[in-house]
Amino acid sequence: MQSISQIFLLIDVGASFIKVASVDARTWQTVKIKQVPFPDFISSNKKFREVSPQEVLNIFTNLLDEFISNEFQYLGILLSTQMQGFILCDLEGQALSNYISWQDTRSNSAIAYLSKNEIQRTGNELRPGMALSNLFWLKENNLLPETSYPVTIADFLIVNLAATEPRIHATNAAAFGGFNLETMSWDEEIITKLGLQKINWPKLSDIDQAYTKLNWKGQEIPCYVSVGDQQAALLGIGLKDKQLSINIGTGSQVSMLSTDLEYGDYQLRPFFKGQFLKTITHIPAGRALNVLFKLVTEMNDSKSPEEAWDYIQDSVADT
């Protein structure tokens, strides 16, 4: 009798698409893959970037219905997510706000209350769009329910459907802006200084153990806390200590792993297994490509762009 295949469901809740892949746990081959556009922003005001949580939930549940069947046994749902944005929910995952995206730039007033040392120990990247900035704005405008939990959009989907207490991974907690990298815990001093101590900051959870189960189509599927999409991508390409990752895309990034907590003129983020990620993000992609193109041109003494691209193409073909 043939045994039933065991499947992991991998889900990335991105800013452009929600992507799902079912993977065979024995062969690590993809069984099925699909992407669906992430919902549009509600407001036409470019500073306010909010998304309806119900729209995201509808897409997510439709994808679960499509991907989960009695044909397979599901060993777990593993998630990565767009970072820095958040949604407020209650103890059982019911939405108390819209999803406020990392693209939301309504305020950066929180930074004026924090010292250079406080900003440094939380990763050296507090700016508009990060959860801490927008939570402070909500508090200042009497729009912050004191019993609420700020969670990532991916974790919201699971805690809502499983009706369980919200959790968060260090990669996403740090992206919120109120996470102390020295203690690897919520920074109570900063949270209190900004008057945000009355809300419920989610408990930290790691990815080595499922924290809840989702009942779907008669199966109890273990669910793991979501991780930051940047860290997930770099883990996926096998980035090793002291290696340099250069990503040229819509928003370019330069990143390097380190086993030590070393501050500098870069952003510092938690990675996995006690490592940290030194990174510079939001580099204009076209400008970054021009710099690299100029470097290759000078290295090869190319006299024209056509010659430089020929050199690049021949070099890639030889690797």
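Residues numbered from 1 in each chain as written. Predicted model: local features only at pLDDT ≥ 70, side-chain atom pairs only at ≥ 80, totals over all residues. Heavy atoms only, no water.

Novice: With reference to specific residues and values, describe helix α7 (residues 229-236).
Specialist: Within the sequence span of α7, burial applies to Q230, Q231 and L234. For α7, the arc enclosing every buried residue in end-on projection is 95 degrees, short of the 170-degree limit, so these residues lie on one face. G238 occupies a position one or two residues after α7 and carries a positive phi of about 80 degrees. (Buried < 20%, exposed > 50% of the residue type's maximum accessible area, 1.4 Å probe, protein only. Helix = DSSP H or I, 4+ residues; strand = E, 2+ residues; numbered from the N terminus. Arc of directions from axis to C-beta.)

Novice: Tell me about a nonpolar patch on the surface, residues and numbers included.
Specialist: Together, L244, I246 and I248 make up a nonpolar patch on the protein surface, roughly 280 Å² of accessible area in all. Tracing the chain through its elements places I248 in the loop between β16 (244-247) and β17 (251-258). By relative accessible area, I248 is classed as partly exposed at 39%. (Patch = residues over 30% accessible without salt bridge, like charges linked within 9 Å, V, L, I, M, F, W, Y side chains within 5 Å. Areas by Shrake-Rupley, 256 points an atom, 1.4 Å probe, with all protein chains shown as cover. Salt bridge = Lys/Arg side-chain N within 4 Å of Asp/Glu carboxyl O.)

Novice: Give a detailed account of the pairing of strand β3 (residues 30-37), specifying residues and quantitative values.
Specialist: Both faces of the sheet carry side chains from a regular strand, because those side chains alternate between them. Bridge count for strand β2 (residues 17-24) against β3 is seven bridges, and the pairing is antiparallel. Along β3, the bridge assignment pairs V20 with K34. In this antiparallel pair of consecutive strands, β2 and β3, the connection spans five residues, and W28 shows a positive phi of 60 degrees. (Pairing = 2+ DSSP bridges.)

Novice: I'd like a rundown of the environment of I42, residues and numbers included.
Specialist: Along the polypeptide, I42 turns up in the loop between β3 and β4 (50-51). Residue classification places I42 among the exposed positions, given a relative accessible area of 51%. Along the primary structure I42 and S52 are separated by 10 residues, whereas in three dimensions their C-alpha atoms are 7.0 Å apart. Dropping the residues within four chain positions of it, I42 is found in contact with E50, V51, S52 and N98. (Contact = heavy atoms within 4.5 Å.)

Novice: Go over unusual backbone geometry, please, and point to the residues and values.
Specialist: In this structure, W28 is a non-glycine residue whose phi angle is positive, near 60 degrees. The residue W28 is located in the loop between β2 and β3 in this model. Judged by relative accessible area, W28 falls into the exposed class, the value being 57%. For N124, which is not glycine, the phi torsion reads 65 degrees and is therefore positive. Looking at where N124 falls in the secondary structure, it is placed in the loop between α2 (116-121) and α3 (131-140).

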